[in-house]
Amino acid sequence: MTEPRENPSAAAQEAADTLARLTGVQQHDVVVVLGSGWVPAADALGTTVVEFPVTDLPGFAPPSAVGHAGRVRSVDADGVRVLVFLGRTHLYEGHGVEAVVHAVRTAAAAGCRSAILTNGCGGLDPSWSPGTPVLIRDHINLFGATPLRGATFIDMTDLYSKRLRALAKEADPTLDEGVYAQFLGPQYETPAEIAMVRALGGTLVGMSTVQEAIAAREAGMEVLGVSLVTNMAAGMTGEPLSHAEVLAAGNAAASRMGTLLAGVLRRMH
Ligand code: 8IG
């Protein structure tokens, strides 16, 4: 087995080969990564062909956070083959950036041409109550972590596809857009850090997605990012943030998020 850290593309090809063997599906079309609060939405995406622990694929680290399920599912959505990761690897787990993007690279090696990346996050706009989905229009890679190696100059001007954002708004016309600022975590922000993000033009704060979006773009995929605001950003309510609250907001929003993702998938093909 090749470690993603040693040779990311060879490791992704090995995982894609195992995926084809375990699912009987030679080619997937779309990858969906379900982050915090999104896993309960998985059943709405289509008919499950097969599901197994992500660690059955080579190169994947076991999940460490509660609510990050660590399973992978092959779904048939009216003939569109959807590869769903229920949970993801985060940078703060310490397995390195190659492990963080291994799912996206595996999906690319399995044939996926588009990626729907979801996450749970904090919101800076007070009109976004917990449970509000927001489309990612752009991101700020606050600490610069990248899956690219060497002089790999990749255009990021339209990283989060305008076309897919328009399709998502057809599915749910109430969707707002935001700018996702990524922190390493795992601690939540201080109020001063949230003031910094606001000054920089960020409106969403989280600990994921950015490296996956970059790797997806490197692989030539079209990217849709959707954040579920599960809590107002630190210092905005006078209350401390809790992971339990985040999971509860996800469970409460699950059916709406499922309908939204199914609506996007239906319009993509
Ligand atoms: I869910 O408020 C979730 N993830 N950085 N800040 C950061 N990550 C998050 C938050 C938050 N909520």
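Residues numbered from 1 in each chain as written. Predicted model: local features only at pLDDT ≥ 70, side-chain atom pairs only at ≥ 80, totals over all residues. Heavy atoms only, no water.

Let's shift gears to the nonpolar core. Val31, Phe85, Leu204 and Met221 are the most contacted members of the largest nonpolar core, which has 41 residues in total. The element best represented in this core is helix H6 (residues 210–218), accounting for five residues. Setting aside chain neighbours within four positions, we find Val31 in contact with Leu83, Phe85, Ala107, Cys112, Ser114, Ala115, Ile116 and Met221. With 30 residues, the next largest nonpolar core counts Val226, Leu228, Ala253 and Met257 among its residues. (Core = buried A, V, L, I, M, F, W, Y, C linked by side-chain atoms within 4.5 Å. Buried < 20%, exposed > 50% of the residue type's maximum accessible area, 1.4 Å probe, protein only. Helix = DSSP H or I, 4+ residues; strand = E, 2+ residues; numbered from the N terminus. Contact = heavy atoms within 4.5 Å.)

The full set of residues close to the ligand is Gly120, Cys121, Gly122, Tyr188, Glu189, Val205, Gly206, Met207, Thr230, Asn231, Leu241 and Val246. In this structure, a nitrogen atom belonging to the ligand sits 3.5 Å away from a main-chain N or O atom of Gly122. Measuring from a nitrogen atom of the ligand, one finds a side-chain N or O atom of Glu189 at 2.4 Å. The set of elements that each furnish at least two residues to the shell around the ligand consists of strand E5 (114–123), strand E8 (204–206) and strand E9 (222–232). The element best represented in the shell around the ligand is E5, accounting for three residues. Of the residues belonging to the shell around the ligand, the class tally is six nonpolar, five polar and one charged. (Near = heavy atom within 4 Å. Polar contact = N/O pair within 3.5 Å; in protein donor to acceptor, adjacent residues only side chain to side chain. Nonpolar A, V, L, I, M, F, W, Y, C, P; charged D, E, K, R; others polar.)

So, to be careful, I would describe these as geometric facts and stop short of saying anything about function.
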